2 protein chains.
Amino acid sequence: MKSSTTDTTTLEPSSSVPAVETQEGSLPQASMPAIRTGRPRVVIVGAGFGGLNAARALAKADVDVLLLDHNNYHGFWPLLYQVATAGLEKEAIAYPVRAILRRQSNADFRMAHVESVDLDKRLVLTGTGSQPIPYDYLILAAGSADNYFGNNALARNTLGLKDLSDAETLRNHVLGAFERAAAEPDPETRRSLLTFVIIGGGPTGVEMAGALSELFRHVLRKDYPTLDIGQTSILLLEASDRILAAFPESLQRAAKRKLIRMGVQIKLGMAVESVEDGTVSLKDGSQIHAGTVVWAAGVRSSMLADTLGAEQARNARVKILPTLNLAQHPEVFVVGDMAYLEGYKGKDAYPMVAQVAIQQGKRAARNIISHIAGRSLASFRYFDYGTMATIGRSSAIFDAFGIHLSGRLAWLGWLFIHIIYLIGFRNRVIVLFNWAVNYFTYERGVRLITGGK
Amino acid sequence: MKSSTTDTTTLEPSSSVPAVETQEGSLPQASMPAIRTGRPRVVIVGAGFGGLNAARALAKADVDVLLLDHNNYHGFWPLLYQVATAGLEKEAIAYPVRAILRRQSNADFRMAHVESVDLDKRLVLTGTGSQPIPYDYLILAAGSADNYFGNNALARNTLGLKDLSDAETLRNHVLGAFERAAAEPDPETRRSLLTFVIIGGGPTGVEMAGALSELFRHVLRKDYPTLDIGQTSILLLEASDRILAAFPESLQRAAKRKLIRMGVQIKLGMAVESVEDGTVSLKDGSQIHAGTVVWAAGVRSSMLADTLGAEQARNARVKILPTLNLAQHPEVFVVGDMAYLEGYKGKDAYPMVAQVAIQQGKRAARNIISHIAGRSLASFRYFDYGTMATIGRSSAIFDAFGIHLSGRLAWLGWLFIHIIYLIGFRNRVIVLFNWAVNYFTYERGVRLITGGK
């Protein structure tokens, strides 16, 4: 079981892409403070892709690693939408951090909610009653949160999709809507219960829309013979004029065609004004009555970023040097979704995706090793493995190495990559098994309404 | 996937045990009211072993069946303690009711919480805002609830194990206790965090104690290298002078020996006075400081029993005729944990176990079919397949057909029977796979602290 955890580094890029020592790297704007005493202590906040890869990259370093997370598991968020649509149990995409670190003798884990960082005293604060945690080096990899752009009513009245609880809540809500609709005599109320609005046409929104359509058409249609499945609507609202803006235009078109064939209504140029009491009000004045409204329109840096007093850029992400550390506190590294660094495809900011977090986590760890050894730090270099999104059964889009693929081959590539990156033998088998059952029987065993009494 | 659901009737007893038409059966004390109109409507409350088997036994009858449950799934509670001890994901022991009933054209399901029954008007009441549900025949199979014998503080300060939420809460609590202990500097507090008290030495308490011991000794010992696993204690408190009172004495002794070898401290004759703020006070005046207190000391009939106005016996179970219906309302059948009927091994009441519920559910259904056909009702006859409990790895006790088994063979029998009775191909494979991983690697993948943010 343990050996499988190393597979996450199978596609290790650094062997093929040599790190380059750059000018910025060798001259941080402030000098690093001295190590307090004994072995340097590296504290890592967050056990996601960035933090976990940083911890593992420090396995052979002469440091003490302390990894902190408010969960005791690493969540494989790329498959979260499948938990929300009854395709996978949540336990299949979560893996205990302590199991991952068991054989790494220099690493310890603590389950803690990091409230803030005292950058000057080099202390991580984890809330009342707990001792502050001192560090010599700090890697902040706390990920992202839903971005409601300051609109608290949006946060209250929509369902997010950021963690296991969100996914289970969303699954319960969707299945509960069908249960209520089946017992509802009024046709207007029933129609509104069976209207599902997804706000945001990025990969999360598209994957969610496709998975909901399959759940309704293949599974719930048979579960609820008294409901007319033609009464259900899935609306994908996007404020801009295109879905999947990060993908090439040919793949956008392919995804759009596929979604429309699956019965998803794509509404472009539809900015949401408010969501109140089951009614979505759009900026053009029109309204949609929907029992379920999913928020997939934006993410921002983890709230921890706001407590640092460091400079923040778009989506509240923390501005970092090309060596991934803070200009004023070079012993503090920020990686992944929390970090803002330009240089992607020329001048864009690196996107909030798993590959950036993985590669930045490793680079931060190596830069700490370099600094301890008295070597200069290297700038982050990104190896782009491409991006992909799945739309439904035998259908995905795949954009990598100049190759634009859509359809079954892209879907098989998507399956393969996701199984490779999933941690743990048990989880891989359970995910593969669920997919196989799903594929061959059109069944989804996890359509359970859980929680509550 | 669908065909497997019929396997729950594999061990169908009625073919080998002919139903006997008895005196009581042919002469119910009150006569049944006439069918209102059209096809008779059978309402079944509860989708557990009793209700589900009743519904399926009505598959070919000329009736409309409406099955009600407050969950949308059938829970396989015999494996609930494995969910609570991180051995199985909760989704593996739950199966959607609608999937089970899909091919039964005369059956419908509604997710609803039944609050009470108006026996005179023949209406099932499911709470404010919902239409009362009329019935011609009613089968009450709402199962059981934890019995705290009127002590509300016990209910508040202990952890129960009655449904999926309970099991997930208990798992989170146990794993959380280790996380807190790992960060706790005070040795007294740490020792109390690592003390686990189970109140009740019946099958649930014994299985829970064994599973916790294995979780601590095989898994958490490696997860928490800084904790001394010798500091953990598992105490099994039993008020009477023996554990597993329903089993033969030789098997009680075998179970006791095994538990002691696994490090479980068995305290007999220990009645609990109160549980407050992490302290268990016993009737003999002594106290135990424990971070986790599990209540496995008693169950009672579902609270629904108290709303009927029918005569209740021990554990609030509803007194029924040998034909399984109420003397005053012969159109109302009560089966399983809710029902009180003497005649088990001579004069005892039938125990609150799955086999009684399964066989009573089928008998109630057949008696309704008989009544519609103008035939007399048959008394319940129990075919005893025996009882079993698992204690740990390769260890169980098994008492059936006069054979008393303990050890590996009993354990294999236990595995086999539980897989047979589990509904659904997906769940069977996932449970078997988890058991195999657990057996060969001593790993438990589901040691996740979920819920909450």
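Residues numbered from 1 in each chain as written. Chains lettered and ligands numbered in written order. Predicted model: local features only at pLDDT ≥ 70, side-chain atom pairs only at ≥ 80, totals over all residues. Heavy atoms only, no water.

1. Some words on the overall build of chain A
Thinking step 1. Within chain A, the secondary structure is distributed over twelve helices and 26 strands.
Thinking step 2. In terms of overall dimensions, chain A is globule-like: its C-alpha atoms have a radius of gyration of 23 Å, near the 22 Å expected for 453 residues.
Thinking step 3. By its C-alpha atoms, chain A is 70 × 45 × 45 Å across when sized along the principal axes.
Thinking step 4. Within chain A, the proportion of its 453 residues that are buried is 59%.
Thinking step 5. Pairs at least 24 apart in sequence give 66% of the contacts found in chain A among residues at least 6 apart.
Thinking step 6. When the accessible surface of chain A is split by element, carbon and sulfur atoms take 52% of a total near 18000 Å².
Thinking step 7. Here chain A holds 48 positive side-chain charges and 42 negative ones, and the gap between their average locations is 6 Å. (Helix = DSSP H or I, 4+ residues; strand = E, 2+ residues; numbered from the N terminus. Rg over C-alpha atoms; globule rule 2.2 N^0.38 Å. Buried < 20%, exposed > 50% of the residue type's maximum accessible area, 1.4 Å probe, protein only. Contact = heavy atoms within 4.5 Å. Areas by Shrake-Rupley, 256 points an atom, 1.4 Å probe, with all protein chains shown as cover. Lys, Arg positive; Asp, Glu negative; His and termini not counted. Charge placed at Lys NZ, Arg CZ, Asp CG, Glu CD.)

2. Details of the side chain of E214 of chain B
Thinking step 1. Of note, E214 of chain B is situated in helix α8 (residues 203-223).
Thinking step 2. Residue contacts for E214 of chain B: discarding those within four places in its chain leaves V219, M262, G392, R393 and R444 of chain B.

3. As for the relation of the copies chain A and chain B
Thinking step 1. Of the two same-sequence chains, chain A is brought onto chain B (RMSD 0.0 Å, axial shift 0.0 Å) by a rotation of 180°. This pairing of chains is accounted for by a two-fold axis. Taking C-alpha positions as reference, the residue of chain A nearest the rotation axis is I430 of chain A, located at 3.5 Å.
Thinking step 2. Counting the interface residues of chain A, we find that 98% of their copies in chain B are interface residues as well, pointing to one common contact surface. (Least-squares fit on C-alpha atoms with pLDDT ≥ 70 in both.)

4. Overview of helix α6 (residues 164-182) of chain A
All names here are of chain A.
Thinking step 1. Taking 1.5 Å per residue, 19 residues should reach 27 Å; α6 reaches 27 Å between its end C-alpha atoms and fits that length.
Thinking step 2. Summarising burial for α6: 15 of the 19 residues are buried, a large majority.
Thinking step 3. Its side-chain oxygen 3.2 Å from the backbone nitrogen of S165, D163 forms the N-cap of α6. (Expected span 1.5 Å × (residues − 1). Polar contact = N/O pair within 3.5 Å; in protein donor to acceptor, adjacent residues only side chain to side chain.)

5. Details of the packing of helix α12 (residues 425-441) of chain A against helix α12 (residues 425-441) of chain B
Thinking step 1. Here α12 of chain A crosses α12 of chain B at 165°, and the two axes come no closer than 11 Å. As judged from the angle between their axes, α12 of chain A and α12 of chain B are roughly antiparallel. Relative to α12 of chain B, α12 of chain A is oriented so that their crossing is right-handed. Here F425, R426, V429, I430, F433, N434 and V437 of chain A of α12 of chain A come into contact with α12 of chain B, specifically with F425, R426, V429, I430, F433, N434 and V437 of chain B. (Axes fitted to C-alpha atoms, helices over the stretch in contact; angles between N-to-C directions. Parallel < 35°, antiparallel > 145°, perpendicular 65-115°, else oblique. Left-handed = near helix turned anticlockwise from the far one by under 90°.)

6. Some thoughts on the nonpolar core
Thinking step 1. I198, F216 and L259 of chain A together with I198, F216 and L259 of chain B are the most contacted members of the largest nonpolar core, which totals 147 residues.
Thinking step 2. Apart from residues no more than four positions distant in its own chain, I198 of chain A is found in contact with G205, M208, A209, L212, I234, L235, L236, L237, V294 and A296 of chain A. (Core = buried A, V, L, I, M, F, W, Y, C linked by side-chain atoms within 4.5 Å.)

7. Some points on unusual backbone geometry
Thinking step 1. In this model, A316 of chain A sits at a positive phi of 60°, which is unusual for a non-glycine residue.
Thinking step 2. With respect to the helices, strands and loops of the structure, A316 of chain A is situated in the loop between β18 (299-301) and β19 (318-319).
Thinking step 3. Take A316 of chain A: its relative accessible area is 16%, and that puts it in the buried class.
Thinking step 4. Within the chain, A86 of chain B stands out as a residue other than glycine whose phi angle is a positive 70°.
Thinking step 5. By secondary structure assignment, the location of A86 of chain B is in the loop between α3 (80-84) and β4 (94-96).
Thinking step 6. You can call A86 of chain B buried: its relative accessible area is 0%.

8. Regarding the confidence of the model for chain A
Residue and element names in this part refer to chain A.
Thinking step 1. Overall, the prediction assigns chain A a mean pLDDT of 90, with 93% of residues at 70 or greater.
Thinking step 2. Throughout residues 1-28 the model reports pLDDT below 50, and contacts reaching past four residues in sequence, or to other chains, amount to 54 contacts.
Thinking step 3. Here the predicted complex scores 0.89 on pTM and 0.87 on ipTM. (pLDDT = per-residue confidence, 0-100.)

9. Here we look at the interface of chain A and chain B
Thinking step 1. The interface of chain A with chain B comprises 50 residues on the first partner and 49 residues on the second.
Thinking step 2. In total, chain A and chain B occlude about 4300 Å² of area from one another, counting both sides; carbon and sulfur atoms represent 56% of this.
Thinking step 3. Counting across the interface, chain A meets chain B through twelve salt bridges.
Thinking step 4. K90 of chain B is the partner of E168 of chain A in a salt bridge, and the nearest nitrogen-oxygen pair spans 2.6 Å.
Thinking step 5. Linking chain A with chain B are 24 residue pairs in polar contact (both at pLDDT 80 or more), by the criterion used here.
Thinking step 6. At the level of secondary structure, the elements contributing two or more residues to the side of chain A that touches chain B comprise β4 (94-96), α4 (97-101), β5 (107-111), α6, α8 (203-223) and α12 of chain A.
Thinking step 7. The element best represented in the side of chain A that touches chain B is α6 of chain A, accounting for eight residues.
Thinking step 8. A class-by-class count of the residues in the side of chain A that touches chain B yields 22 nonpolar, ten polar and 18 charged. (Buried area = accessible area lost by both parts, 1.4 Å probe. Salt bridge = Lys/Arg side-chain N within 4 Å of Asp/Glu carboxyl O. Nonpolar A, V, L, I, M, F, W, Y, C, P; charged D, E, K, R; others polar.)

10. Considerations on the sheet that holds strand β15 (residues 279-282) of chain B
Residues and elements named next belong to chain B.
Thinking step 1. Pairing is antiparallel in the open sheet, where three strands are placed in the order β14-β15-β16. Single-partner strands in this sheet number two, and they are β14 (272-276) and β16 (287-289). The average angle at which neighbouring strand axes cross in this sheet is 15°, direction not considered.
Thinking step 2. Summarising the sheet, β14 and β15 pair through four bridges and their orientation is antiparallel. Paired with V272 across the two strands is L282, which belongs to β15. (Pairing = 2+ DSSP bridges.)

11. Brief notes about the sheet that holds strand β7 (residues 123-125) of chain A
All names here are of chain A.
Thinking step 1. Pairing within the open sheet is antiparallel, and its three strands lie in the order β6-β7-β8. Two strands close off the open sheet at either side, each with one partner strand: β6 (116-118) and β8 (133-134).
Thinking step 2. Examined bridge by bridge, β7 and β8 share two bridges and lie antiparallel to one another. Bridging from a neighbouring strand, V124 pairs with I133 of β8.

12. Digging into the pairing of strand β2 (residues 64-69) of chain A
Residues and elements named next belong to chain A.
Thinking step 1. Across the six residues of β2, five count as buried, placing the element largely inside the fold.
Thinking step 2. Chirality of the crossover, the property in question, places the unit of strand β1 (residues 41-45), helix α2 (residues 49-57) and β2 among those that are right-handed.
Thinking step 3. As paired elements, β2 and β5 share five bridges and run parallel to each other. Bridged to D69 within β5 is M111. (Right-handed = clockwise from strand over helix to strand, strands pointing away.)

13. Here's the deal with the packing of aromatic side chains
The geometry of two aromatic rings is summed up by the distance between their centres and the angle between their planes.
Thinking step 1. Considering all chains together, one arrives at 34 aromatic pairs over all chains under this definition.
Thinking step 2. An angle of 55° between the planes, with centres 4.9 Å apart, marks the rings of F178 of chain B and F216 of chain B as tilted. Linking F178 of chain B in helix α6 (residues 164-182) with F216 of chain B in helix α8, this pair joins segments that are 38 residues apart in sequence. The pair formed by F178 of chain B and F216 of chain B is uniform in burial state, with each residue classed as buried.
Thinking step 3. Ring centres 6.3 Å apart and planes at 50° place the aromatic pair F383 of chain B and F401 of chain B in the tilted group. Taken as a pair, F383 of chain B in the loop between α10 (354-372) and β24 (387-392) and F401 of chain B in the loop between β25 (395-400) and β26 (403-407) lie far apart in primary sequence, 18 residues in all.
Thinking step 4. The class for F383 of chain B is partly exposed, based on a relative accessible area of 25%.
Thinking step 5. Members of the aromatic cluster, each reached through a chain of ring pairs, are F178, F196, F216 and Y224 of chain A.
Thinking step 6. Its guanidinium or amino end placed over the ring of Y439 of chain A, R393 of chain A lies 4.6 Å from that ring's centre, counting from NZ or CZ.
Thinking step 7. Between R393 of chain B and the ring centre of Y442 of chain B, over which it is positioned, the NZ or CZ distance is 3.6 Å. (Phe/Tyr/Trp six-rings, centres within 6.5 Å; stacked < 30°, edge-to-face > 60°. Lys NZ or Arg CZ within 6 Å of the ring centre and 35° of its normal.)

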